[in-house]
Amino acid sequence: GKGFLYTSKNGNYLFGNWQNGLLTGTGSSKENNIIKKGDFKDSKLQNGKVEIQYPDGTNYTGEYQNGKLQGKGTLISSNGTYIGYFVNNEYDGSGKLISPDGSWYDGNWKKGNKEGNGTYRTKDGFRFTGNFIKNKPNGKFKVEKWLLSGLVTDEYSITFNMGKPEGDITKIKSELTDFLSNKPS
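Report follows, based on the coordinates.

1. Let's talk about the environment of Gly 150
And then number 1: Structurally, the position occupied by Gly 150 is in the loop between strand S15 (139–146) and strand S16 (152–161).
And then number 2: The partly exposed category is assigned to Gly 150, whose relative accessible area is 35%.
And then number 3: Each C-alpha atom of the pair Gly 150 and Leu 45 lies 44 Å from the other, and the pair is 105 residues apart in sequence.

This is the structure in structure tokens:
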């Protein structure tokens, strides 16, 4: 039947349907101040769609496999909101990270790093589109200044060599500083 098991010593609990003394089916658990909701079998969270709340306020909703964030999901933390794919708890595949300051990156990720084609937008509306290698821009990038109305007012091209700009950067020096100081969350 349905029930609640609470361990007052450490605040851990299991809630949901019980079978043979174990949580089975839809339920929730709290262990080490981490709350997990999803389908359980033998009191263990199973692969599939889950919700996880971490003690620092971070929340995850999405696919879960073998105890890890794996597949498509949304992670909301103090570093921003990531919507995309995970492999072994890391951003991996296509995804978008929106930072608290309004800047964002939308593109490919590999092992938590910007990797492959993507677009980074500074908080001031400049978009840098090109190829990334381990978070560093590399190769030719298209740089555009977008207005809130969606109009592009300025367009430039700049080439990077593993994060270092090449050529004349005087027109976009301050935007470049924002872009190059961006760190993944």
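2. What to know about the pairing of strand S2 (residues 12–19)
Strand residues, when the strand is regular, have side chains that alternate between the two faces of the sheet.
And then number 1: Note: S2 against strand S3 (residues 22–31), 6 bridges, orientation antiparallel. Following the sheet pairing, Phe 15 is matched in S3 by Ser 28.
And then number 2: Counting the residues that bridge the hairpin from S2 to S3 gives 2 residues, and of these Asn 20 lies at a positive phi of roughly 55°.

3. A short note on the environment of Gly 16
And then number 1: Topologically, Gly 16 is positioned in strand S2.
And then number 2: Taking the relative accessible area as the measure of exposure, Gly 16 reaches 1% and is therefore buried.
And then number 3: Spatially, the C-alpha atoms of Gly 16 and Asp 39 are 9.5 Å apart, while their sequence positions differ by 23 residues.

4. As for unusual backbone geometry
And then number 1: We note that Lys 111 has phi near 50°; this positive angle belongs to a residue other than glycine.
And then number 2: Along the chain, Lys 111 turns up in the loop between strand S11 (104–110) and strand S12 (113–121).
And then number 3: Of note, Asn 135 is a non-glycine position whose phi angle comes to about 75°, a positive value.
And then number 4: Among the secondary structure elements, Asn 135 is positioned in the loop between strand S13 (126–133) and strand S14 (136–137).
And then number 5: Residue class for Asn 135 comes out buried when judged on its relative accessible area of 18%.

Each value, and the rule that gives it
- Residues numbered from 1 in each chain as written.
- Predicted model: local features only at pLDDT ≥ 70, side-chain atom pairs only at ≥ 80, totals over all residues.
- Heavy atoms only, no water.
- Helix = DSSP H or I, 4+ residues; strand = E, 2+ residues; numbered from the N terminus.
- Buried < 20%, exposed > 50% of the residue type's maximum accessible area, 1.4 Å probe, protein only.
- Pairing = 2+ DSSP bridges.

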